[in-house]
Amino acid sequence: MGSHKDVIGSAAITVLATEGSRGFTHRAVDKQAGVPEGTTSRYARTRAALLLFTAEAMFDIDARQAAEALTGHDTGPLTAEEATDIIVRAAGILLQAPERYKARLELQLEAVRTPQLRQYFERARSAFVEALTDVLTRAGEAHAHDRADGLVAAVDGILHRQLVLEQPALSEHQLRLLLHP
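Conventions used here
- Residues numbered from 1 in each chain as written.
- Predicted model: local features only at pLDDT ≥ 70, side-chain atom pairs only at ≥ 80, totals over all residues.
- Heavy atoms only, no water.
- Phe/Tyr/Trp six-rings, centres within 6.5 Å; stacked < 30°, edge-to-face > 60°.
- Helix = DSSP H or I, 4+ residues; strand = E, 2+ residues; numbered from the N terminus.
- Buried < 20%, exposed > 50% of the residue type's maximum accessible area, 1.4 Å probe, protein only.
- UniProt positions renumbered as here; feature names shortened; annotations may be inferred.
- Core = buried A, V, L, I, M, F, W, Y, C linked by side-chain atoms within 4.5 Å.
- Salt bridge = Lys/Arg side-chain N within 4 Å of Asp/Glu carboxyl O.
- Expected span 1.5 Å × (residues − 1).
- Axes fitted to C-alpha atoms, helices over the stretch in contact; angles between N-to-C directions.
- Parallel < 35°, antiparallel > 145°, perpendicular 65-115°, else oblique.
- Contact = heavy atoms within 4.5 Å.
- Nonpolar A, V, L, I, M, F, W, Y, C, P; charged D, E, K, R; others polar.

Before going further, it helps to spend a moment on the packing of aromatic side chains. Evaluated as defined, the whole model comprises 3 aromatic pairs. With a centroid separation of 5.7 Å and an interplanar angle of 50 degrees, the aromatic rings of F59 and Y120 are classed as tilted. You can see F59 sitting in helix α4 (residues 47–71) and its partner Y120 sitting in helix α7 (residues 115–138), a full 61 residues away along the chain. Look at F59 and you get buried, because its relative accessible area is 7%. Between F59 and F121, the ring centres sit 5.3 Å apart and the planes meet at 90 degrees, which makes this aromatic pair edge-to-face. Note that F59 is positioned in helix α4 and F121 in helix α7, a separation of 62 residues in sequence.

Right, here's the structure in full:
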């Protein structure tokens, strides 16, 4: 079991994903986390702070898992096939976390009206693009940054397709075709 902060972050993601923005309250997060009422407000006093706290918790989890997939290798050159393996593994981590994606959708709507939250999304997305850029550069991709930017957008679209449109998950073969540098 993690720290109170980790437990509350995980609970906040769950509440936002399952209850949506309307049911997203400090009290609901406290209940989900199994902590005394008022505990969440120690970490995030306002609703805006709670939304940012949740985004940080979600991206910490995503970044840690993606970093394991993207950087758990030597730093030398990669073949296109090795790069594809790494990219598909990183995408798979995100695709297997529908709860975080549902919470992310709720946060994206809030980010339209909340500059601080939008800035956090921009920084987090940039970090993922840069990590993919490194993989693609090592594989000899001439336009690594542009390709990485497109791959992040593609994974967002795949998640949207699966969760919002309730389409079947892409097979690993389909992912490999789409994400191959």
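To continue, consider the UniProt feature "domain: Tetracyclin repressor-like C-terminal group" (unreviewed entry) in the chain. Here, the residues flagged by UniProt with the feature "domain: Tetracyclin repressor-like C-terminal group" (unreviewed entry) are residues 79–177. A helix fraction of 83% and a strand fraction of 0% characterise residues 79–177, whose end C-alpha atoms lie 15 Å from each other.

What follows concerns the nonpolar core. Counting residues in hydrophobic clusters, the biggest one holds 55 residues, and the most contacted among them are F24, V29, F59, L107, L117 and L179. Elements supplying a minimum of two residues to this core: α1 (4–19), α2 (26–33), α4, α5 (80–95), α6 (98–113), α7, α8 (144–163) and α9 (172–179). Top contributing element to this core by residue count: α4, with 11 residues.

Another point: the pattern of salt bridges. The final tally for this structure, using the stated rule, is 8 salt bridges. Between D62 and R100 there is a salt bridge; the shortest N-O distance is 2.5 Å. On the criterion of sequence distance, the pair formed by D62 in helix α4 and R100 in helix α6 is long-range, its members being 38 residues apart. Judged by its relative accessible area of 1%, D62 is buried. On the basis of relative accessibility, which here comes to 11%, the residue R100 falls in the buried class. Here D85 ties to R176 by a salt bridge, and the two come within 2.7 Å at their closest N and O atoms. Of this pair, D85 sits in helix α5 while R176 sits in helix α9; the two residues are 91 residues apart in sequence, bridging distant segments of the chain. It is possible to trace a salt-bridge network through shared partners that takes in D62, R100 and R104.

Here the focus is α6. Its 16 residues give α6 an end-to-end C-alpha distance of 24 Å, which sits within 8% of 22 Å, the value for a rise of 1.5 Å per residue. Every buried residue of α6 is listed here: R100, Y101, A103, R104, L107, E110 and A111.

Once that is clear, we can look at the packing of α1 against α6. It is at 8 Å that the axes of α1 and α6 come closest, and there the two elements cross at 75 degrees. Of the possible angle classes, the one that applies to α1 and α6 is roughly perpendicular. Contact with α1, carried on its side by I13, T14, L16 and A17, involves E99, R100, K102, A103, E106 and L107 of α6 and no other residues of that element. Residues that form the contact of α1 with α6 fall into these classes: 5 nonpolar, 1 polar and 4 charged.

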